[in-house]
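Chain by chain, the residues:
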Amino acid sequence: MTANEATVNQALASRFVDRAEASGLIDVAVTTMDSPIGTLLLMATRRGLVRVAFESENRDEVFGEVATNLSPRILEAPRRLDPVRRELDSYFSGRLQDFDLDLDWSLVGPFAQRVLRRTARIPYGSVASYGDVAHEIGSPRAARAVGNALGSNPIPVVVPCHRVVRTGGNIGGYGGGLPRKRWLLDLETS
Amino acid sequence: MSTVRPTQLPPFQRVFDDHSGAVLSFLLGAIGPSEAEDCFQETMLSALRAYPRLVDATNLRGWLFTIARRKVIDARRAMARRPTPIADPDPGAAPTAESDIDEGLWDDVRSLPVKQRRAVVLRFAGDRSYPEIAEAMSTTQDSARQSVHEGLKKLRRDRT
């Protein structure tokens with residue numbers, strides 16, 4: 001930025017985003033929202049929600065990963081994420097138990113997709129073990145691989161990997177850090 | 001020899017954040033406040049459309065300026081076809097953030113020969129370096145420097 005550079009004001013920038021969206025040129029729309037577990041970064045393709053990132057994740061890395069694996073046509077376009085934000089708000093305030101959102105699994109490999117789709121069916125307020133999920137997807141000896149797949153869940157909270165815990169009371173790991181996992185489990189059992 | 005990897009393109013939002021101000025400055029200088037905003041939108045939309053196919057991401061600003069330059073040419077052609085004289089003041093035009101810009105000076109800039117005008121605008125409105133100007137104008141650095149020099153000389157002469 002140099003001293004004599006013109007400022008692109010908010011109105012000019014949002015007019016550009018509106019026109020880009022209307023022309024189908026935004027492959028990945030991005031926005032952020034406040035939540036009880038910190039700011040969430042939300043990304044959606046035209047197919048659906050593709051990425052939810054906690055503030056503990058490096059923003060540049062998240063953008064870079066999506067730019068490389070999906071498309072570099074990434075723009076801050078909050079409107080496309082309105083339904084996602086609404087449902088997450090309701091969920092965090094305890095008014096919503098089941099998300100009804102379109103999801104885009106493009107960032108997930110075939111095995112992890114089996115794991116995460118199964119995980120998405122664990123009901124609100126209950127938990128399953130890594131072994132349970134491994135068993136359910138027909139790979140009973142793959143508990144560790146299941147743990148890895150859950151750890152790299154690109155759509156946490158909405159795909160409730162926090163509902164998978166270790167047998168014996170230990171809540172296991174969480175990509176967003178254990179305090180967030182504990183907070184979500186408490187929310188669902190209160 | 002290592003395999004050729006596709007260029008890492010930054011998210012377009014970054015490109016917009018880093019360069020849109022310079023593009024707008026360039027357009028304000030090149031075509032004036034009444035047309036600059038349309039050209040700006042057209043430039044950024046064209047850039048976004050072409051972005052995934054961009055092979056060389058080392059000079060994104062230069063790439064945007066090249067697109068902006070084409071949009072200015074298109075806009076001038078469209079203006080030339082318009083029936084009403086463009087020099088007429090537009091009473092409905094809202095004051096822009098650039099109203100403190102010396103419009104008389106920009107009128108003089110716009111009346112420069114095309115090469116000098118581009119070079120002067122890139123240098124002072126766009127704050128571009130000579131290598132960047134040379135690249136944007138597909139010419140040598142010496143020639144870019146020469147065009148800026150001649151343009152400034154003419155401007156000084158016109159204004160005294």
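Residues numbered from 1 in each chain as written. Chains lettered and ligands numbered in written order. Predicted model: local features only at pLDDT ≥ 70, side-chain atom pairs only at ≥ 80, totals over all residues.

Colleague: What is the right way to look at the overall build of chain B in this model?
Modeller: When you go through chain B residue by residue, the secondary structure sums to seven helices and zero strands. Residues classed as buried in chain B amount to 34% of the 160 residues present. Across chain B, the fraction of contacts at a sequence separation of at least 24, relative to all contacts at a separation of at least 6, is 69%. (Helix = DSSP H or I, 4+ residues; strand = E, 2+ residues; numbered from the N terminus. Buried ≥ 20, exposed ≤ 12 C-beta atoms within 10 Å, placed from the backbone. Contact = placed C-beta atoms within 7 Å.)

Colleague: What is the right way to look at the interface of chain A and chain B in this model?
Modeller: Interface size is commonly expressed as the accessible surface area that is lost when the partners come together. Taken together, the contacts link 25 residues of chain A with 24 residues of chain B. Only α1 (10-22), α2 (59-69) and β4 (74-76) of chain A provide two or more residues apiece to the side of chain A that touches chain B. Counting residues per element, the side of chain A that touches chain B draws most heavily on α1(A), which supplies five residues. Of the residues contributing to the side of chain A that touches chain B, the split by class is 13 nonpolar, seven polar and five charged. (Nonpolar A, V, L, I, M, F, W, Y, C, P; charged D, E, K, R; others polar.)

Colleague: What's the story with unusual backbone geometry in this structure? I'm lost.
Modeller: Glycine aside, residues mostly have negative phi angles, and peptide bonds mostly take the trans form. Residues and elements named next belong to chain A. Located in the positive-phi region is Val 157, a residue other than glycine, with phi close to 70°. Along the chain, Val 157 turns up in the loop between α6 (143-151) and β6 (164-165). Taking the number of C-beta atoms within 10 Å as the measure of exposure, Val 157 has 20 and is therefore buried.

Colleague: Honestly, helix α4 (residues 110-119) of chain A in this entry has me stumped. Any pointers?
Modeller: Think of an α-helix as 3.6 residues a turn; residues three or four steps apart then line up on the same face. All names here are of chain A. Residues Ala 112, Val 115, Leu 116, Arg 118 and Thr 119 constitute the buried set of α4. For α4, the buried positions fall inside an angular range of 160° around the axis, keeping them on one side. Those residues of α4 that are buried are in contact with α5 (130-136), α6 and β6. (Arc of directions from axis to C-beta.)

Colleague: Quick question: what am I supposed to make of the sheet that holds strand β2 (residues 40-44) of chain A here?
Modeller: Residues and elements named next belong to chain A. On the basis of which strands lie adjacent, the open sheet formed by four strands has the order β3-β2-β1-β4 and mixed pairing. With partners counted over all chains shown, the strands left at the sheet margins are β3 (49-54) and β4, one partner each. Here the average twist between neighbouring strands, direction ignored, is 25°. In this structure, strand β1 (residues 28-33) lies alongside β4, joined through three bridges in parallel fashion. Residue Val 28 lies in a different strand from β4, and its bridge partner there is Ile 74. (Pairing = 2+ DSSP bridges. Axes fitted to C-alpha atoms, helices over the stretch in contact; angles between N-to-C directions.)

Colleague: Can you walk me through α6(A) in this structure?
Modeller: Residue and element names in this part refer to chain A. Residues of α6 that are buried: Val 146, Ala 149 and Leu 150. In an axial view of α6, the angular spread of the buried residues amounts to 95°, which keeps them on one side of the axis. In the core, the buried residues of α6 are packed alongside α4, α5 and β6.

Colleague: I tried to follow the nonpolar core on my own but got confused; where do I start?
Modeller: Here is a general trend for soluble globular proteins: nonpolar side chains tend to be buried in one another's company. Counting 81 residues, the largest nonpolar core has B:Phe26 and B:Leu27 as the members making the most contacts within it. Those residues in contact with B:Leu27 that sit more than four places away from it in its chain are B:Ala36, B:Cys39, B:Phe40, B:Ala68 and B:Val72. (Core = buried A, V, L, I, M, F, W, Y, C linked by C-beta atoms within 7 Å.)

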